[in-house]
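Single-letter residue listing:
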Amino acid sequence: MTPRGSTVADTPVRCDLNESAFAPLPAVVEAMATAVRDAHRYPEFSADRPRLAIAAHLGIGADQVTVGPGGTAVAQAILADAVLCARGRGIAGPTILTPAPTFDGFGILARILGVRLVTTPLDEHGCPDLDALAAAVDSSSAAVILCSPHNPTGAVLGESRLRAFLADLDTALPVILDQAYIEYCERPVDALAIAAEFPNVCVLRTFSKAHALAGVRIGYAFGAPSAVAGARSQEIPFAISAAAAAAAPVALLAHRELDARMSAVRAERTHLARSLASVGVQVLDGHANFVYLPGADGLAVGRALAANGIHGRFCGSDGFLLTVLDRAVTERIIGTVVRTRKAGLPRTHESPSRNRVISRQAESTRASSSSSATTAPR
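The numbers attached to residues start from 1 for each chain and follow its sequence in the written order. Selection of residues for local features in this predicted model requires a pLDDT of at least 70, selection of side-chain atom pairs for listing and counting requires 80 or more, and totals for whole chains, interfaces and linings are taken over all residues. Hydrogen atoms and water are omitted, and side-chain values are computed over all heavy atoms in the structure.

*Asks:* Would you mind going over helix α6 (residues 159-168) with me for this structure?
*Replies:* Along an α-helix, residues three or four apart share an orientation, since each turn contains 3.6 residues. Taken together, the buried positions of α6 are Leu162, Phe165 and Leu166. Along the axis of α6, the buried positions cluster into a sector of 95°, meaning they face one direction only. Among the exposed residues of α6, those oriented more than 90 degrees off its buried face are Ser160, Ala167 and Asp168. A contact between two residues is defined here by any heavy atoms of the two lying within 4.5 Å. What counts as a helix is a DSSP run of H or I of at least four residues, what counts as a strand is a run of E of at least two, and both are numbered from the N terminus. Against α5 (130-136), β5 (141-147), β6 (175-178), α7 (191-197) and β7 (201-206) lie the buried residues of α6. Exposure is judged per residue with a 1.4 Å probe applied to protein chains only, and the accessible area is read against the type maximum: over 50% gives exposed, under 20% gives buried, and values in between give partly exposed. To be clear, the arc concerns the directions from the helix axis to the C-beta atoms.

*Asks:* Which parts of the structure should I look at to understand the sheet that holds strand β11 (residues 313-315)?
*Replies:* Picture the strands of a sheet paired through backbone hydrogen bonds; they go either parallel or antiparallel. In this description, strands pair whenever DSSP reports at least two bridges between them. Taken together, the 3 strands give an open sheet; going across it, the order is β9-β12-β11, and neighbouring strands pair in antiparallel fashion. Looking at strand neighbours, the two that pair on one side only are β9 (290-294) and β11, the edges of this open sheet. Sheet twist, expressed as the mean angle between neighbouring strand axes with direction ignored, is 25°. The sheet contact formed by β11 and strand β12 (residues 319-323) spans 3 bridges and is antiparallel. Looking at β12, one finds that Arg313 is bridged to Leu321. Note on geometry: axes are C-alpha line fits, over the in-contact stretch for helices, and angles between N-to-C directions span 0 to 180 degrees.

*Asks:* Before we go on, may I ask you to explain the packing of helix α2 (residues 48-58) against helix α9 (residues 242-253) in this structure?
*Replies:* The description of two packed helices rests on the angle between their axes and on the distance between the axes. Here α2 crosses α9 at 15°, and the two axes come no closer than 8 Å. Relative to α9, α2 is oriented roughly parallel. The two elements α2 and α9 meet at a crossing, and its hand is left-handed. For the pair α2 and α9, the contacting residues are Arg49, Pro50, Ala53, Ile54 and His57 in the first and Ala245, Ala246, Ala248, Pro249 and Leu252 in the second. Residues that form the contact of α2 with α9 fall into these classes: 8 nonpolar, 1 polar and 1 charged. Here the word oblique covers every angle except those under 35 degrees (roughly parallel), over 145 (roughly antiparallel) and from 65 to 115 (roughly perpendicular). What makes a crossing left-handed is the near helix being turned counterclockwise from the far one by less than a right angle; a clockwise turn instead makes it right-handed. Just so you know the grouping, Ala, Val, Leu, Ile, Met, Phe, Trp, Tyr, Cys and Pro go in nonpolar, Asp, Glu, Lys and Arg go in charged, and all remaining residues, Gly too, go in polar.

*Asks:* I tried to follow the nonpolar core on my own but got confused; where do I start?
*Replies:* Most often, soluble globular proteins have nonpolar side chains that are buried together. In these notes, a set of buried Ala, Val, Leu, Ile, Met, Phe, Trp, Tyr and Cys residues joined through side-chain atoms within 4.5 Å is what counts as a nonpolar core. In this structure, Leu166, Phe207 and Phe222 are the most contacted members of the largest nonpolar core, which totals 49 residues. A total of 7 residues in this core trace back to one element, the largest contributor, which is α9. When sequence neighbours within four positions are dropped, the list of residues in contact with Leu166 reads Val175, Ile194, Phe198 and Val201. The next biggest cluster of nonpolar side chains, apart from the first, holds 36 residues, and it includes Tyr181, Val281, Val283 and Ile333.

*Asks:* Looking at this structure, I do not really get a nonpolar patch on the surface. What am I missing?
*Replies:* Patch building starts from residues that exceed 30% relative accessible area and form no salt bridge, then joins like charges within 9 Å and nonpolar side chains (Val, Leu, Ile, Met, Phe, Trp, Tyr) within 5 Å. Surface accessibility in these figures is a Shrake-Rupley result with a 1.4 Å probe; residues are shielded only by whichever protein chains are displayed. Any Lys or Arg side-chain nitrogen found within 4 Å of a carboxyl oxygen on Asp or Glu counts as a salt bridge. A contiguous nonpolar patch, built from Tyr42, Phe45 and Phe238 and spanning about 390 Å² of accessible area, is present on the exposed surface. Assignment of secondary structure puts Tyr42 in the loop between α1 (26-36) and α2. Under the relative-accessibility criterion, Tyr42 is labelled exposed at 68%.

*Asks:* Explain the pattern of salt bridges to me, please; I cannot follow it from the model alone.
*Replies:* Think of it this way: side chains of opposite charge can pair up when their charged atoms draw near. If you walk through the whole model with that rule in mind, you get 8 salt bridges. Here Asp16 ties to Arg14 by a salt bridge, and the two come within 3.3 Å at their closest N and O atoms. Classification of Asp16 by relative accessible area gives buried; the value is 8%. Residue Arg51 is joined to Glu235 by a salt bridge in which the shortest nitrogen-to-oxygen separation is 2.8 Å.

Here it is as structure tokens:
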């Protein structure tokens, strides 16, 4: 089992979109190849095949699952319904709340829906500051988005704190719990129990990351039937391709293969983080398939890597993200950092928290107005 990376020293390597280090499993590829033979025919009208497979995998009813062509499309359906309901209640200027920095797609979706994205800061560990988020909820709030593991820091919300936060919210306020990277997390929250307890929570997941199907486009969300009903009403007919519908059930059955791959990615993530720390680079404790280098020093490392053909993701002025690939790429990253340090790469000693905490107004403006930022699709 060998991850996909770049072993040629001068070949550019992309570590910016958090794509899988592995190609799709052979059984998944075979299922897609079989489906493509009938590409002259339409796929299912309502994607019942993957919906039923996802429901069986989770042990819930099919009426608790909504599907779409990628997690971003599913998030759009949930948010579109939330905004529609908010306007139906007489809210003239609905807003969507989320901690930032975060997935750039949320700002794009807010702009598409004609609403404002209001953002709150992260704490010093790169985790959503739930107190700040709760304080930002007001009468204009149409929906709340939480990522765990958080993108781009990889920080994970503690289950007790998450439950306390949700318990204080009005159950009429929709909440998206984005778990795009959940398979990489060693001790994830019990999302099924949370969705069962809180009828306003939709848990968002994707086949793009751990299942290595980013190019096929399929994602889903689950929750109480009432929580997903609005999103299901927004599903576009024929939106899930036959290849995606064939791939998802096979991918969900590959438990052992997926576990082995996740163990390999976690081990490489730990090695990359420790190696960076050993040469003086600060790395946050993360639980996804990437590492996050906060602050000005992280940005400086990112610029040095980019100049040497290693392209991660610059998260505004807050930090730098590197997707975990294989040992050859890790060694190339560390070698580049060591060489540039010796050549005089500047170090900074600014407070990490100062570099990571962002005002709601500044980040809201950035997320709602910028369409050119690099993003990692769900």
